[in-house]
Amino acid sequence: MILKIVKYPEPVLQQAGQEITEFGDELRQFVADMFETMYASQGIGLAAQQVGVPKRVTVIDLSQGQDPAQKLVLINPKVIHREGKQYEEEGCLSFPEIREKVSRAARVKVRAQNEKGEWFELDGDELLARAFQHEIDHLDGVLFIFRMSALKRSLNLRKIRKLQSEGKW
Ligand SMILES: [Zn+2]
């Protein structure tokens with residue numbers, strides 16, 4: 001089932017997610033719905049907050065459904081190591097039409113649980129490292145506009161207000 005993606009400034013986007021403690025059919029269905037929703041919007045990452053659910057679940061697939069080996073489900077994830085710096089453009093399904101360079105660590109290691117509740121660790125660099133950091137930020141209620149410079153943030157907020165006033169947001 002395709003879920004509705006909420007846009008900024010929907011309050012749930014700035015709410016920290018609750019830890020997942022039940023690893024059952026309901027969670028598996030939610031994860032399947034998140035993948036379906038992300039693919040329908042041509043995204044490479046989606047956090048539960050973006051479908052209105054403040055819980056610590058995110059899905060990532062850099063291949064956008066082309067390579068099953070790249071489907072990642074991160075439950076209760078944490079960045080446990082970060083190194084280096086990268087400064088590249090990011091977008092967000094909750095901020096349509098907004099793309100901006102954001103400073104992130106170049107490489108990260110994350111620790112997370114899978115749908116069965118088993119813990120695992122994953123390393124990522126470049127785009128995957130950005131996706132990990134962007135999505136785990138979402139689970140903490142942190143949005144990428146708050147990772148931009150103050151100037152870029154205010155320019156983008158102004159652009160959003162303009163789109164809102166034109167009924168295009
Ligand atoms: Zn996002």
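Residues numbered from 1 in each chain as written. Predicted model: local features only at pLDDT ≥ 70, side-chain atom pairs only at ≥ 80, totals over all residues. Heavy atoms only, no water.

### What about the coordination of the zinc ion?
Right, on to step 1. In this structure, C92 (SG), H134 (NE2) and H138 (NE2) serve as the protein donors to the zinc ion, at separations of 2.0 to 2.2 Å.
Right, on to step 2. One chain supplies every donor to the zinc ion, and in sequence these donors are spaced C-x41-H-x3-H. A residue pair is termed long-range when its members are at least 10 positions apart, and C92 in the loop between β4 (86-90) and β5 (100-104) and H134 in helix α2 (residues 126-139) qualify at 42 residues. Neither C92 nor H134 differs from the other in exposure class; each is buried. (Donors = N, O, S within 2.8 Å, 3.2 Å for Na, K, Ca; no water. Helix = DSSP H or I, 4+ residues; strand = E, 2+ residues; numbered from the N terminus. Buried < 20%, exposed > 50% of the residue type's maximum accessible area, 1.4 Å probe, protein only.)

### Observations concerning the side chain of R56
Right, on to step 1. Looking at the element boundaries, R56 is found in the loop between β1 (45-47) and β2 (57-60).
Right, on to step 2. Of note is the side chain of R56, whose polar atom sits 3.4 Å from the backbone oxygen of P77.
Right, on to step 3. Leaving out residues up to four positions away in the same chain, R56 has contacts with G17, Q18, E19, I20, L74, I75, N76, P77, L139 and D140. (Polar contact = N/O pair within 3.5 Å; in protein donor to acceptor, adjacent residues only side chain to side chain. Contact = heavy atoms within 4.5 Å.)

### So, the layout of surface pockets
Right, on to step 1. Volume-wise, the largest pocket comes out at about 370 Å³.
Right, on to step 2. Looking at the largest pocket, it is lined by 22 residues, and the ones nearest its centre are I44, E90, G91, C92 and R99.
Right, on to step 3. Secondary-structure elements contributing two or more residues to the lining of the largest pocket are β4 and α2.
Right, on to step 4. Examining the composition of the lining of the largest pocket, we find that 6 residues originate from one element, α2, more than from any other.
Right, on to step 5. Looking at side-chain class alone, the lining of the largest pocket contains 8 nonpolar, 8 polar and 6 charged residues.
Right, on to step 6. Its boundaries defined by the atoms lining it, the second largest pocket holds a volume of some 250 Å³.
Right, on to step 7. Lining of the second largest pocket is provided by Q18, E19, I20, T21, E22, G24, E26, L27, F30, V53, K55 and V57.
Right, on to step 8. Here the lining of the second largest pocket gets 3 residues from one element, more than from any other, and that element is helix α1 (residues 25-40).
Right, on to step 9. The residue inventory of the lining of the second largest pocket, partitioned by class, reads 5 nonpolar, 3 polar and 4 charged. (1 Å grid on protein atoms, 1.4 Å probe; cavity = no way out; pocket = protein on both sides within 12 Å on 5 of 7 lines; lining within 4 Å. Points joined across faces, edges and corners; volume = space filled by probe spheres on them. Nonpolar A, V, L, I, M, F, W, Y, C, P; charged D, E, K, R; others polar.)

### Some details on the pattern of salt bridges
Right, on to step 1. Counted according to the given criterion, the structure contains 12 salt bridges.
Right, on to step 2. Between K162 and E166 there is a salt bridge; the shortest N-O distance is 3.0 Å.
Right, on to step 3. Among the ionic contacts, a cluster of salt bridges with common partners joins E90, R104, D137 and R147. (Salt bridge = Lys/Arg side-chain N within 4 Å of Asp/Glu carboxyl O.)

### Concerning helix α3 (residues 150-165)
Residues spaced three or four apart along an α-helix face the same direction, because each turn holds 3.6 residues.
Right, on to step 1. Here α3 is 16 residues long and its end C-alpha atoms lie 22 Å apart, about the 22 Å a rise of 1.5 Å per residue gives.
Right, on to step 2. Three or more residues of α3 are buried, namely N156, L157, I160 and L163. Down the axis, α3 shows its buried residues gathered within 120° of arc, on one side only. For α3, the exposed residues set more than 90 degrees away from the buried face come down to A150, L151, R158, R161, K162 and S165.
Right, on to step 3. On its buried face, α3 sits against β5.
Right, on to step 4. Within two residues after α3, G167 carries a phi angle of roughly 70°, on the positive side. (Expected span 1.5 Å × (residues − 1). Arc of directions from axis to C-beta.)

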